[in-house]
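A closer look at the structure
Okay, here's what each chain looks like letter by letter:
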Amino acid sequence: MVARAGLVAVIASGLVGCAAPEQGPLSPEQALESFRVATGFRVELFAAEPHVVDPVEMAFDENGGVYLAELGDNPDDPPAGQEPLSRIKYLEDTDGDGRIDRHTVFADGLLAVEGIAPWRGGLVATAAPDILYLKDTDGDRRADVREVMYTGFAVPHVEGRLSNPRLGLDNWFYVVNHGYPGSVTVPGNPSVPAVNVRKREFRFHPIRGLAEASTGDAQFGQSYNRWGHWFITHNTVHLRHTVVPPGYLDRNPLFAVEESEQDISDHGRPASPVYPISAPQRWRVERTRARSRRYAETRPGRVEQLAGFFTAAAGTTVYTGDRFGPDFEDAIFVGEGNGNLVHCDVATPDGATYTARRWPAQGEFLASSDNWFRPVNFANAPDGSLYVLDYYREFLEHPDFIPEAVKRRLGMDFRAGDTLGRIYRIVPAKEGWRPRPDRLGDFASEELVRLLGHSNGWHRRTAHRLLVERQDQGAVHSLEHNLTAHPDAAVRLRSLWVLEGLGSLTPELVESTLGDVHWAVREAALRLADPTLESLSGAVLDATRDENPRVAFQAGLTVGGLPVSGELAATLAGLVARFPDDPWFHVPVLSAPPAMAGPVLSALAEQYPAYFEAPSRERLRFVEQAARVVGARNDHAETVATLVTAATSDRLAGTAWRAAVLDGLADGLALHAGRIRSPQATASLGTLLSDDADAVRAGAARLAPYFDIGAEVGRARVAALDPEMPLNRRLEAASVLRAGTFDEIGQALAALVRDAPDAELRVRAVRVLGSLADSRAADVLAGAWDGSPEEVRDAIADSLMRRSEHAMALVTAVRDGRIRPADIAAVTRIRLSEHPNDAVRSVVAQHLDLQLRDRDLVLAERLAALDEQGDPVAGKPLFDRECASCHVARAARGRIGPDLSGVTNRSREDLLTSILDPSYAIEDRYRNYILETRDGRFHDGILVAETASTVTLRGEREDNSVLKRDIAELRTSEVSLMPEGFEDAFSDRDLADLIAYLQAGL
């Protein structure tokens, strides 16, 4: 056996070369000279090595004490048995000159600690898989309390690790989880239910002991503004607004609203341009040069950008200080580590969300010519200035994203700089550091209430936190006075939330603030109206007509908690009609309890005819989604009424509107077994199945199997078999046959599977037969194997595999020699080897040759492919044949494999390994889930959405949603759905051509 390390050495031989070294690190004083900062500002050094190393998060406690999280475990975690290198320090300026000159290790041995926040005299710290509470109780600046508050978070790639705990305006701690799966528990307290954070973020209430999944999908960086709205960052998408507050997306367990955030940049979406002044590093030049050569040959006219866009955005921070002036009241700072710069945006309200414009209008707020400058985070300070945390490493990009050949040729050391680190302070040009020695921890509660109106955000937020920590009811009177009499809306807003945090907010106070003159106070009052909603229903319903869009949006979310009524349905329909093409105003209806969707759809059709005059994409999408909720609810009367409306309503007379309703109903009813009996429905479907419009007939054909449609089955049988009928009509008829029993349709479908001249029709007949829970259907499909073309065989195998009893027919045919294992597609063989049915797996293990050879040996045997000169033009049909069904274009539905538009980064050696050993490293977000239902159906795919009642898997052909109550088993696979065995499908020349196509850029 060839060891993998040996194989890598073989691949690497002959490729390692010499390269001139990059510019080395600058001293802190030299680094200061490298900065170009916006007019009116200057940069000061606050701390540097040895007191600061690898800084990623900084926090000031209530007395101005400085804590620093240092991420030493980068780019990789320590080897097994070795201590983690990350830690937290306490920093001190002992001589009062504004520079750190002493540090104490507050806590060490922390795995990839990427976030800290003050709480009750200690720190909340994130160190996946845990959230910790750390505290020094004896005054030596070292934590002697180390408690695990929550555990069970994923430990993925270091760039997606748990991070950024922030105490929000609403008194919850929000923590960045980046959507990674985890079952979060409280150690030592099994009575607390586990929190599923798969596809979600995490939040917990430190006073009430509550914890739940939250909205948002940040990577590293989250911050809220003065009105309590959250902004987040991904590495290439530098600024997003979390539009939907937590909790509301959980009210409809039958529908998953997949997006709760909005890209808000007005200067480029999804990637915004940046303007670095540093020379790009050699590895980036090498990678760009290689890409450009390939593009010249394969993509004439395409230009590869050497730099100029966000690739490492991090540290989203809303500036809350009082020293930068009024232009920065809503400023948001983001670091771009690869570009060696700090970007600034000013966000202004725009409908339910925001629009962000860059400041200054040209260039960047701060840029450095030193390409070791790595701004990754920021901190608002007691003195009103902004602090910048500089990770100061030679390389910020993770090794996985740089071609192996480039790494070897340049001898890249990804820990270079791991003894360095800086923190800078940005101040107005005419001012310097000015200490504010306020020890807020010593202030009485009445003084803290007054500080809610302080000009500096650190004072305001710290006072808020201390009031909530203390739970001092003696502060209630002053807070109530603020709420009714303070002229500053931000103070009224903060007082409102502090009262909530103290458990002292009465329905009368909420009602009074619903009429506040400022929109943000009214919006918050609507969120706080939830616990006593029915007593405030009139005012909340009226608020959906508020002149401010954000207030109207929140009112729509809030009223979803009221019992369904005609008045409520009309109110929500009016909200949708007021903002017909803004998808955010669809969310209040779709996230409301399921019984809301049908009445709103009816009210919209009856009371707002103008809505249906323009079948825009967003309006059609809303109608389809609302109809889907109606179907998923499985209320037969409501479903039939919606179907009849689609068939008869003048409002829905257009083809697009009817097709949208039919498709939505079909998607929703797919969650449920059984058929609906209704003469009205049968008559309506008959009308729709004979409609002149293809889209309407196709939608009706999809919907028909969920109803008892009587004679329509016979008519469909005749149409499907009629050779004179156009192909699209025969396909529609075949879909309708799903409404029949095997006795009614089996013979006709068998004839289509065997004899239909068009492969698409044969495949449709296979799918319909496979959906029938009748052993005779499986026998027909297995018997049709011989003589069927490859496309039909693939459909037969896939369809048989999807039911346990049918899967046995497939593997039995293999066992008996009626089907050759080699004739079954590699992906299907993999699925059968992991089938949830024990009997199926047993037969597979004994009789189905999975051809699973040692991957290291296969790689060693196929190294000759690297000596071939690949042709990307010849590689395209190979990709289309073997890869495109999973790795389709960016953002297309149906993708179950990673988007490959970025593989131009990777060397030929890497790509060969990924092709021939696909299970070597599976990206968590593309891990295959295997699901078996209680009635023996089998689904698999990428988990793309989850609610309290459903999960949705994305397969090669379609999305499949399943009720959790119907799930017998749901698990992840350790085997990639990208099959092993490509060495048999590809010659060395084929592999070289495929690799050339991938490197040319999809």
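Reading the values: the criteria
- Residues numbered from 1 in each chain as written.
- Predicted model: local features only at pLDDT ≥ 70, side-chain atom pairs only at ≥ 80, totals over all residues.
- Heavy atoms only, no water.
- Helix = DSSP H or I, 4+ residues; strand = E, 2+ residues; numbered from the N terminus.
- Buried < 20%, exposed > 50% of the residue type's maximum accessible area, 1.4 Å probe, protein only.
- Pairing = 2+ DSSP bridges.
- Salt bridge = Lys/Arg side-chain N within 4 Å of Asp/Glu carboxyl O.
- Phe/Tyr/Trp six-rings, centres within 6.5 Å; stacked < 30°, edge-to-face > 60°.
- Lys NZ or Arg CZ within 6 Å of the ring centre and 35° of its normal.
- 1 Å grid on protein atoms, 1.4 Å probe; cavity = no way out; pocket = protein on both sides within 12 Å on 5 of 7 lines; lining within 4 Å.
- Points joined across faces, edges and corners; volume = space filled by probe spheres on them.
- Nonpolar A, V, L, I, M, F, W, Y, C, P; charged D, E, K, R; others polar.
- Expected span 1.5 Å × (residues − 1).
- Contact = heavy atoms within 4.5 Å.
- Core = buried A, V, L, I, M, F, W, Y, C linked by side-chain atoms within 4.5 Å.
- Axes fitted to C-alpha atoms, helices over the stretch in contact; angles between N-to-C directions.
- pLDDT = per-residue confidence, 0-100.

Looking now at unusual backbone geometry. Residue Pro129 is bonded to the preceding Ala128 through a cis peptide linkage, with omega at 15°. Within the fold, Pro129 resides in the loop between strand E8 (122-127) and strand E9 (130-135). Residue Pro360 is bonded to the preceding Trp359 through a cis peptide linkage, with omega at 0°. Relative to the helices and strands, Pro360 is located in the loop between strand E24 (353-358) and strand E25 (366-368). The phi dihedral of Asp54 falls on the positive side, at around 50°, and the residue is not glycine. Along the polypeptide, Asp54 turns up in the loop between strand E2 (41-48) and strand E3 (55-60). Taking the relative accessible area as the measure of exposure, Asp54 reaches 2% and is therefore buried. The phi dihedral of Asn340 falls on the positive side, at around 60°, and the residue is not glycine. Within the element layout of this structure, Asn340 appears in the loop between strand E22 (331-336) and strand E23 (341-350).

Bringing the pairing of E3 into the picture now. Of all six residues in E3, six are buried, a share of seventy percent or more. Here five bridges tie E3 to strand E4 (residues 66-70), and the two strands are oriented antiparallel to one another. Counterpart to Phe60 in the pairing with E4 is Val66.

Below, the discussion takes up the pattern of salt bridges. Oppositely charged side chains can pair when the atoms bearing their charge come close. Considering all chains together, one arrives at 58 salt bridges under this definition. With a closest N to O distance of 2.8 Å, Arg323 and Glu431 form a salt bridge. Here Glu431 lies in the loop between strand E28 (422-428) and helix H5 (445-451) and Arg323 lies in the loop between strand E21 (313-318) and E22, a separation of 108 residues in the sequence. Take Glu431: its relative accessible area is 30%, and that puts it in the partly exposed class.

Pairs of aromatic rings are described using the distance from one ring centre to the other and the angle between the two planes. One pass over the structure, following the stated rule, counts 40 aromatic pairs. Aromatic side chains Tyr611 and Phe612 sit 5.2 Å apart centroid to centroid with 75° between the ring planes, which places their arrangement in the edge-to-face category. We note that Tyr611, like Phe612, is buried. Here the aromatic rings of Tyr611 and Trp657 are separated by 6.0 Å at their centres, their planes lie at 40°, and the arrangement is tilted. In this pair, Tyr611 sits in the loop between helix H15 (597-607) and helix H16 (617-633) while Trp657 sits in helix H18 (residues 655-669), placing the two residues 46 residues apart along the sequence. By the burial criterion, Tyr611 is buried, and Trp657 matches it. One aromatic cluster in this structure is built from Phe41, Tyr319, Phe324, Phe328, Phe333, Trp359, Phe365 and Phe378. The positively charged end of Arg203 is found above the aromatic ring belonging to Trp172, 3.7 Å away from the centroid.

With that settled, the discussion passes to empty space enclosed by the protein. Counted by the stated rule, this structure contains six cavities of 30 Å³ or more. The calculated volume of the largest cavity comes to roughly 590 Å³. Lining the largest cavity we find 30 residues, and of these Pro118, Arg166, Leu167, Trp458 and Arg461 sit closest to its centre. No other element matches the six residues that helix H6 (residues 457-470) contributes to the lining of the largest cavity. The space that makes up the second largest cavity amounts to roughly 310 Å³. Forming the boundary of the second largest cavity are 28 residues, of which Gly228, His229, Trp230, Pro246 and Arg527 lie nearest the centre. Of all elements in the fold, only strand E12 (173-176), strand E15 (201-205), strand E18 (230-232), strand E19 (240-242), helix H8 (489-501) and helix H10 (519-528) reach the threshold of two or more residues within the lining of the second largest cavity. Of the residues forming the lining of the second largest cavity, the biggest block, three residues, is contributed by H10. Here the residues of the lining of the second largest cavity sort into 14 nonpolar, nine polar and five charged.

Here we come to H6. With 14 residues, H6 extends 20 Å from end C-alpha to end C-alpha; this agrees with the ideal 20 Å at 1.5 Å per step. By the criterion of burial, H6 is predominantly enclosed, with twelve of the 14 residues buried. Turning to H6, its buried residues are Gly457, Trp458, His459, Arg460, Thr462, Ala463, His464, Arg465, Leu466, Leu467, Val468 and Glu469. Residues of H6 that are buried in the fold lie against E3, strand E7 (115-119), strand E11 (163-167), strand E26 (375-380), H5 and H8. After H6 finishes, the residue Gln471 shows a positive phi value of roughly 55°.

In this structure, Met58, Ile423, Phe622, Leu703 and Phe707 are the most contacted members of the largest nonpolar core, which totals 182 residues. Not counting residues within four places of it along the chain, the set of residues in contact with Leu703 comprises Leu643, Leu662, Leu665, Ala666, Leu669 and Leu685. With 28 residues, the next largest nonpolar core counts Phe35, Tyr319, Phe328 and Leu366 among its residues.

So, about helix H22 (residues 727-736). Taking burial as the measure, the ten residues of H22 include seven buried ones, the bulk of the element. Elements that come into contact with the buried residues of H22 comprise helix H19 (679-689), helix H20 (694-703), helix H21 (711-721), helix H23 (742-755) and helix H24 (759-770).

Another point: the sheet that holds E26. Taken in spatial order, the four strands line up as E2-E28-E27-E26 in an open sheet, and their pairing is antiparallel. Looking at which strands have only one partner, the edges of the open sheet turn out to be E2 and E26. Pairs of neighbouring strands in the sheet enclose a mean axial angle of 25°, with direction left out of account. In this sheet, E28 lies alongside E2 in antiparallel orientation, the contact comprising seven bridges. Considered in E28, the bridge of Ala47 is made with Ile423.

For the protein chain, per-residue confidence averages 88 on the pLDDT scale, and residues scoring 70 or more make up 88% of the total. Across residues 1-20 the pLDDT falls below 50, and counting only partners more than four positions away or on other chains, this stretch makes 33 contacts in the model.

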